[in-house]
Amino acid sequence: MDLLIIAGNARSLIANRGDLVKDMQARGLVVAAAVPTADYLPEVEDLGIEIYPIEMGRTGINPVHDIKTLWSLYRLIRRLKPKAVFGYTIKPVVYGSLAAKAAGVPRIFSMITGLGHVFTTDSTKNRRLQKIVSLLYRAGLSCNRKVFFQNPDDLQEFSQRGILRDATKAVRTYGSGVDMQRFAPTPLPKEGLTFLFIGRLLTEKGVSEFCEAASQLRAEHASVRFIAVGPYDPNLPHSCAAGDLQRWKDEGCVEFIGNVADVRPWIAQCSVFVLPSYREGTPRSVLEAMSMQRPIITSDAPGCRETVENGVNGFLVEPRVSAPLLEAMRRFIEEPTLVPQMAKASRALVEQHYDVRKVNKVILEAMELA
């Protein structure tokens, strides 16, 4: 076996690493993946690679559970004897790297896909957690040959915190890339204006700010649509409050669609894509909307700001507050000619930087596996 991928979850392996798996297979590499059983999806088997379920908690630090995860990964890696291991999200990066090192794997790689809610919320508890997480990351990444960063802010933070002590290990990628053929341009809606949010209904995704802005704008412009696509899981840290979600539904300003298998029909319905997130690696939903030729409103925050040239393919807004988002959305309502103009600029930016084939080429060349 050439490479074992240790996935954060099944859905991300399918959506965010599927194209990478295909490109690896096209180069003749034998690839397999370890996937947490907590959110296993049968569709993951359609990737055409061997899948190995593992017990791994999605969130939190529990020494007993995490030691079990480390031991399970070590035993799996010892049995499979891959030439290389590649992990993404914190637990696969930390415990996957340590297990691979202990099992004697010569090539270990990680991808930092964002820093998560521990780093997006400032509290006494989170400041303590940040120190623990930083130490864990440092231990895991010390075993790595290369570490892929999806945005420069995360790389800078890892350097400043002393998490990544060897700068030569860092490789910058433009997110995970996007399949420009699958997410081909579609015509803009002929009538009316529709703003679309896609993402889990988490506080840190900015869903509250989106709903607050939508409520005010709907009072001013009754014909404008606001759609939110994405799952609600109250068990996840920083999920929006159930009471808030019910209130937004009762108000009726935003249409809540829930989780969908294919986001393309929803992007095709929208005029402007909105993601007021507090922090990302690089938001795939934004890249998909850009590829389908839609203007973007997103936060001037790590991972998000790289996707928008302010005033060219959309607008950057201050995160965590709704007033700047409201003004940016209002600009499109008052100046509708901005929509087609910025839509074309979004597609051009994807062609320049975010084509998945270009991104994967950078990753594969850095791995030196073929």
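A. The arrangement of the overall build of the protein chain in detail. If you tally the helices and strands in the protein chain, you get 13 helices and 13 strands. Compactness check: the protein chain gives a C-alpha radius of gyration of 21 Å against a globular reference of 21 Å for 370 residues, within 12% of the reference. In the protein chain, buried positions account for 54% of the 370 residues. By element, 51% of the accessible surface of the protein chain is carried by carbon and sulfur atoms, the whole surface being about 16000 Å². Separation between the mean location of the 46 positive side-chain charges and that of the 40 negative ones in the protein chain comes to 8 Å.

B. Representation of the environment of Met342 in the model. By the element assignment, Met342 lies in helix α12 (residues 338-354). With relative accessibility at 1%, the residue Met342 sits in the buried group. Residues within four places of Met342 in sequence aside, it is in contact with Pro295, Gly311, Val312, Asn313, Gly314, Phe315 and Phe332.

C. Quick peek at the side chain of Ser110. On the secondary structure map, Ser110 appears in strand β5 (residues 107-112). Classification of Ser110 as buried rests on a relative accessible area of 0%. One polar contact links Ser110 to Ser97, side chain to side chain, over a distance of 3.4 Å. There is a polar contact of 2.7 Å between the side chain of Ser110 and the side chain of Asn144.

D. Highlighting the packing of aromatic side chains. On inspection of all chains with the given rule, the structure shows 11 aromatic pairs. Among the aromatic residues, those joined into a ring-pair cluster are Phe195, Phe197, Phe210 and Phe226. Over the ring of Tyr88 we find Arg17, and its NZ or CZ is 4.3 Å from the ring centre. In this arrangement the basic side chain of Arg172 is found over the ring face of Tyr174, its NZ or CZ atom lying 4.7 Å from the centre.

E. Here's a closer look at the side chain of Gln150. The residue Gln150 is located in the loop between β6 (146-149) and α6 (152-160) in this model. Separated by 2.9 Å, the side chains of Gln150 and Ser176 make a polar contact. For Gln150, the residues in contact, after removing those within four places along its chain, are Arg17, Met111, Ile112, Thr113, Arg172, Thr173, Gly175, Ser176, Gly281 and Thr282.

The rules behind each value
- Residues numbered from 1 in each chain as written.
- Predicted model: local features only at pLDDT ≥ 70, side-chain atom pairs only at ≥ 80, totals over all residues.
- Heavy atoms only, no water.
- Helix = DSSP H or I, 4+ residues; strand = E, 2+ residues; numbered from the N terminus.
- Rg over C-alpha atoms; globule rule 2.2 N^0.38 Å.
- Buried < 20%, exposed > 50% of the residue type's maximum accessible area, 1.4 Å probe, protein only.
- Areas by Shrake-Rupley, 256 points an atom, 1.4 Å probe, with all protein chains shown as cover.
- Lys, Arg positive; Asp, Glu negative; His and termini not counted.
- Charge placed at Lys NZ, Arg CZ, Asp CG, Glu CD.
- Contact = heavy atoms within 4.5 Å.
- Polar contact = N/O pair within 3.5 Å; in protein donor to acceptor, adjacent residues only side chain to side chain.
- Phe/Tyr/Trp six-rings, centres within 6.5 Å; stacked < 30°, edge-to-face > 60°.
- Lys NZ or Arg CZ within 6 Å of the ring centre and 35° of its normal.

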